[in-house]
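Residue-level structural notes
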Amino acid sequence: MKLLRYGAKGAEKPGILGSDGSVRDLSGVIDDISGDTLGDTVLEKLRATDADSLPVVDGDPRIGPCVGNVGKFICIGLNYADHAAESGMELPAEPVIFFKATSAIIGPNDTVEIPRRSVKTDWEVELGVVIGKEAKYVSEAEAVDHIAGYCVVNDLSERDFQLHRSGQWVKGKSADTFGPIGPWLVTRDEVPDPQNLPMYLEVNGHRYQDGSTKTMHFGVATVIAHLSQFMSLQPGDVISTGTPPGVGMGQEPQTYLKPGDKMELGIEGLGVQRQDVIAG
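Rules used in this analysis
- Residues numbered from 1 in each chain as written.
- Predicted model: local features only at pLDDT ≥ 70, side-chain atom pairs only at ≥ 80, totals over all residues.
- Heavy atoms only, no water.
- Helix = DSSP H or I, 4+ residues; strand = E, 2+ residues; numbered from the N terminus.
- Buried < 20%, exposed > 50% of the residue type's maximum accessible area, 1.4 Å probe, protein only.
- Contact = heavy atoms within 4.5 Å.
- Areas by Shrake-Rupley, 256 points an atom, 1.4 Å probe, with all protein chains shown as cover.
- Lys, Arg positive; Asp, Glu negative; His and termini not counted.
- Charge placed at Lys NZ, Arg CZ, Asp CG, Glu CD.
- Pairing = 2+ DSSP bridges.
- Axes fitted to C-alpha atoms, helices over the stretch in contact; angles between N-to-C directions.
- 1 Å grid on protein atoms, 1.4 Å probe; cavity = no way out; pocket = protein on both sides within 12 Å on 5 of 7 lines; lining within 4 Å.
- Points joined across faces, edges and corners; volume = space filled by probe spheres on them.
- Nonpolar A, V, L, I, M, F, W, Y, C, P; charged D, E, K, R; others polar.
- Salt bridge = Lys/Arg side-chain N within 4 Å of Asp/Glu carboxyl O.
- Patch = residues over 30% accessible without salt bridge, like charges linked within 9 Å, V, L, I, M, F, W, Y side chains within 5 Å.
- Phe/Tyr/Trp six-rings, centres within 6.5 Å; stacked < 30°, edge-to-face > 60°.

Once that is clear, we can look at the overall build of the protein chain. Helix and strand counts for the protein chain come out as 6 helices and 18 strands. Considering only C-alpha atoms, the protein chain reaches an extent of 55 × 45 × 30 Å along its principal axes. Residues classed as buried in the protein chain amount to 55% of the 280 residues present. Here the contacts in the protein chain between residues at least 6 apart in sequence split such that 75% fall between residues at least 24 apart. With the model as given, the accessible surface of the protein chain reaches about 11,700 Å², and the carbon-plus-sulfur share is 48%. Side-chain charges of the protein chain comprise 25 positive and 40 negative groups, with the mean position of each set lying 5 Å from the other.

Dropping the structure here:
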């Protein structure tokens with residue numbers, strides 16, 4: 001299933017993609033797509049629902065973040081061998097963990113704002129993993145059972161804030177609009193191998209990132225198992241699993257986002273995001 005949320009910011013309704021590509025209204029079946037509705041029991045109920053029999057959402061509604069009320073937005077750094085190489089950094093011995101503020105989350109096609117005093121706002125296409133049931137001290141073999149589905153994430157970053165303003169990376173990762181997620185939450189049954197997904201990102205029509213989850217240093221199951229040793233993962237938590245090479249910081253000369261730029265990014269089977277960039 002391809003689940004989504006549509007409507008005005010803060011008033012999104014649950015939806016599902018019909019077989020004809022239309023958005024179908026799920027609000028008569030569930031209240032929202034969030035932690036309470038991401039367990040296997042509810043997902044099985046949704047699979048048993050004939051999506052094409054649900055009301056069509058007319059017009060061209062705004063698509064919101066594919067998960068509501070996210071509790072934790074967890075990110076994994078330096079998790080692609082080829083990205084670590086372009087960054088001039090060694091691959092870590094275990095996953096590098098940092099957080100983005102949940103207030104950074106926006107819809108997949110919402111406008112991205114460059115924060116005040118920014119000089120190095122960068123892009124990162126990433127595979128997002130959405131937790132469906134609590135994961136606490138789980139093994140790699142058990143990890144997949146705790147996944148509700150997958151989505152596209154743009155882990156926007158202000159590199160000067162991130163690397164030169166002291167403290168943790170969170171400063172450069174958490175500006176408002178720095179966390180587009182969606183368009184869809186694609187349930188795990190539709191993604192048999194999350195370690196073989198082509199992904200890309202373009203700015204103004206130029207393809208900067210053209211990679212695959214095949215080059216992940218730590219795979220999805222490893223990341224979930226590792227995280228669960230340090231904190232419980234709760235339904236609705238989002239894990240952004242790292243980016244392939246091609247970020248602005250890795251260009252020669254370095255290239256960063258500016259007002260008026262347009263981004264497009266996608267992951268095979270998980271949909272496409274498109275964002276306009278403005279000054280914040």
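Moving on to the sheet that holds strand β5 (residues 96-99). Taking strand neighbours across the sheet as the criterion, the 9 strands line up as β3-β2-β1-β13-β10-β9-β16-β4-β5 in an open arrangement whose pairing is mixed. Strands at the two margins of the open sheet, each flanked by one partner only, are β3 (23-25) and β5. Going across the sheet, the axis of each strand differs from the next one's by a mean of 30 degrees, ignoring polarity.

All told, the structure shown has 1 cavity of 30 Å³ or more when counted by the stated rule. For the lining of the largest cavity, the secondary-structure elements that each account for two or more residues are β4 (73-77), α2 (81-87) and α4 (159-164). Here the element with the most residues in the lining of the largest cavity is α4; it accounts for 3 residues. Split into classes, the residues belonging to the lining of the largest cavity amount to 7 nonpolar, 6 polar and 5 charged.

Using the criterion set out here, one finds 19 salt bridges in the structure. For the salt bridge of Asp32 with Arg5, the shortest nitrogen-to-oxygen distance reads 2.8 Å. Of this pair, Asp32 sits in the loop between β3 and α1 (40-47) while Arg5 is found in strand β1 (residues 2-6), placing the two residues 27 residues apart along the sequence. Here Asp32 and Arg5 have matching classes, each one buried. Salt-bridge contacts for Lys100 lead to Asp155; the nearest nitrogen and oxygen are separated by 2.6 Å. Residue Lys100 is located in the loop between β5 and β6 (105-106), and its partner Asp155 is located in the loop between β10 (147-154) and β11 (157-158); the two are separated by 55 residues in the primary sequence. Each member of the pair, Lys100 together with Asp155, is buried. It is possible to trace a salt-bridge network through shared partners that takes in Lys100, Asp122, Glu124, Asp155, Arg159 and Lys173.

To continue, consider a nonpolar patch on the surface. Together, Ile97, Phe99 and Phe230 make up a nonpolar patch on the protein surface, roughly 270 Å² of accessible area in all. Tracing the backbone shows Ile97 in strand β5. A relative accessible area of 30% places Ile97 in the partly exposed class.

In space, the 5 strands of this open sheet follow the order β7-β18-β17-β14-β15, with mixed pairing throughout. Each edge of the open sheet carries a strand with a single partner, namely β7 (112-114) and β15 (206-212). In this sheet, adjacent strand axes meet at a mean angle of 20 degrees when their direction is disregarded.

Bringing the packing of aromatic side chains into the picture now. One pass over the full model with this rule turns up 2 aromatic pairs. Between Trp123 and Tyr208, the aromatic rings sit 4.8 Å apart at their centres with planes inclined by 45 degrees, giving tilted as the arrangement. Of the two residues, Trp123 sits in the loop between β8 (121-122) and β9 (125-131) while Tyr208 sits in strand β15, which places them 85 residues apart along the sequence. The partly exposed category is assigned to Tyr208, whose relative accessible area is 21%.

Within the secondary structure layout, Met89 lies in the loop between α2 and β5. Judged by relative accessible area, Met89 falls into the partly exposed class, the value being 33%. Placed 11 residues apart in sequence, Met89 and Leu78 show a C-alpha to C-alpha distance of 8.0 Å. Those residues in contact with Met89, other than ones at most four positions away along the chain, are Leu78 and Ala84.

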